[in-house]
Amino acid sequence: MSAEEKQVVNRRVLSGMRPTGKLHIGHYVGALQNWTRLQNDYDCFFFVADWHALTTDYADTSRVKGNILEMAFDWLAAGLDPEKATIFIQSHVPQHAELHLLLSMMTPLGWLERVPTYKEQRENLKEKDLGTYGFLGYPVLMTSDILMYQAGFVPVGADQVAHVEITREIARRFNQFYWLDGERRYTLDRTLAEEKRVWVFPEPQPLLTPAAKLPGTDGRKMSKSYGNSILLSDPEVEVRKKLKTMVTDPARIRRTDAGNPDICPVGDLHKIFSSAEKMAEVREGCTTAGIGCIQCKGWVADNIVTVLNPIQERRRKYEENPKLAWDILEAGSARARVAADATLVEVRESMRMSLGYPAPEKSAE
Ligand code: TRP
Ligand code: SF4
């Protein structure tokens, strides 16, 4: 298969998340919901990026395993289906480490230093020492995750697009140095007239997850570290309680003041969780002071709870029997190892470093 053909028929999708424990509704609308759709139409690999967690949190690893499990509960609860997608743990597929090492040899330092998140995070996370080899090499690890499965598509949020771009650059660089021999054509005097190169790595495309603006209860971006999240596993009373304290349009001080849902974080939630009809009702009621914020928050809570109910129903099974989720991750990891090995055979062969006894160079005659 030529590079172009490989690209055309490529239905592999790969994406991952760091194990942060329980997920919030932002993770759902920003990624998981999209993954559950993709698994129906593509050959999907979804993995828990536990090694990636070490790039910033290497000092305290006590919560990694528990976080993997909690996140797996949420993935399965959200509808990821091990019959459709391969769901696995990065560190259970050590092949990622081998590919990471090989790619690290040919990745120019300047490319890594120029990744926008590199400088940003080093400055923002001052309390951690991120002057490490592993942190600088994080995009190479991510590249290995993606190329390991020769994925054509990588669903990510806008913050990860630069990393997929560097993946494409590293793939291109590898393909310049190494390739598999395709069909060879010889002229009558048996000199090589034309050589077909088969690239090991396709250049993956980012699939940008439509970034819904999902504010937390304090109006900032929903994020676990801000403590402003509504979790996928929050019971109904908790969801309603959190919404009651959620900030609104600051111009609506009294019930009789008109407001504007476009500058209200609750309005942003309505845009994601409510129907067009409900949204029209919110707009009308808010801008004329016809409804109160308490009522408006009740409406959006109803809709969030409706989304969460079936998710929590599915989650219960795994909470009661966590081993079920672990077994799914282990079975997925076994499948991932098979796919990873197939790639590594090609990688080693293209680099003329396959594991067999070195055959003597074939002479031209
Ligand atoms: N870097 C991603 C994040 O922090 C997680 C990740 C690791 C990933 N490897 C990946 C995402 C490969 C997509 C593809 O969210
Ligand atoms: Fe926000 Fe709703 Fe109150 Fe308007 S009525 S300010 S949209 S909470």
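Summary of the structure given here. (Residues numbered from 1 in each chain as written. Chains lettered and ligands numbered in written order. Predicted model: local features only at pLDDT ≥ 70, side-chain atom pairs only at ≥ 80, totals over all residues. Heavy atoms only, no water.)

## Some remarks on the overall build of the protein chain
Check the secondary structure of the protein chain and you find 15 helices and seven strands. Dimensions of the protein chain, computed from C-alpha atoms along their principal axes, come out at roughly 95 × 40 × 40 Å. Residues counted as buried form 45% of the 365 residues belonging to the protein chain. The long-range fraction of contacts in the protein chain, counting pairs at least 24 apart against all pairs at least 6 apart in sequence, stands at 77%. Of the roughly 19,000 Å² of accessible surface on the protein chain, a fraction of 54% belongs to carbon and sulfur atoms. (Helix = DSSP H or I, 4+ residues; strand = E, 2+ residues; numbered from the N terminus. Buried < 20%, exposed > 50% of the residue type's maximum accessible area, 1.4 Å probe, protein only. Contact = heavy atoms within 4.5 Å. Areas by Shrake-Rupley, 256 points an atom, 1.4 Å probe, with all protein chains shown as cover.)

## Regarding the packing of helix H9 (residues 138-148) against helix H10 (residues 161-177)
Each packed pair of helices is defined by two parameters, the angle between the axes and the distance between the axes. Put simply, H9 and H10 touch, their axes get as near as 9 Å, and they point 70° apart. With respect to H10, the element H9 is oriented roughly perpendicular. Listed contacts from H10 to Tyr 138, Pro 139, Met 142, Thr 143, Ile 146 and Leu 147 of H9 are His 163, Val 164, Ile 166, Thr 167, Ile 170 and Ala 171. For the contact of H9 with H10, the class distribution of residues is nine nonpolar, three polar and no charged. (Axes fitted to C-alpha atoms, helices over the stretch in contact; angles between N-to-C directions. Parallel < 35°, antiparallel > 145°, perpendicular 65-115°, else oblique. Nonpolar A, V, L, I, M, F, W, Y, C, P; charged D, E, K, R; others polar.)

## Digging into empty space enclosed by the protein
For the structure on display, the rule yields two cavities of 30 Å³ or more. Within this model, the largest cavity holds a volume of roughly 100 Å³. In this structure, the largest cavity is lined by 13 residues; those nearest its centre are Cys 264, Val 266, Cys 286, Cys 293 and Cys 296. Looking at the lining of the largest cavity, the elements that each hand over two or more residues are helix H12 (265-273), helix H13 (276-287) and helix H14 (293-320). Tallied by class, the residues present in the lining of the largest cavity amount to eight nonpolar, two polar and three charged. Taken as a whole, the second largest cavity holds about 70 Å³ of empty space. Contributing to the lining of the second largest cavity are Arg 18, Val 115, Thr 117, Tyr 118, Gln 121, Phe 135, Leu 136, Tyr 138, Pro 139 and His 163. Elements supplying a minimum of two residues to the lining of the second largest cavity: helix H7 (116-124), helix H8 (133-136) and H9. Here the element with the most residues in the lining of the second largest cavity is H7; it accounts for three residues. (1 Å grid on protein atoms, 1.4 Å probe; cavity = no way out; pocket = protein on both sides within 12 Å on 5 of 7 lines; lining within 4 Å. Points joined across faces, edges and corners; volume = space filled by probe spheres on them.)

## Focus on H12
Here H12 lies mainly inside the structure; seven of its nine residues are buried. Turning to H12, its buried residues number three or more, namely Pro 265, Val 266, Gly 267, Asp 268, Leu 269, His 270 and Phe 273. Buried residues belonging to H12 abut helix H2 (25-41), helix H11 (236-244), H13 and H14.

From the geometry alone we can't say anything about function, so treat these as descriptive.
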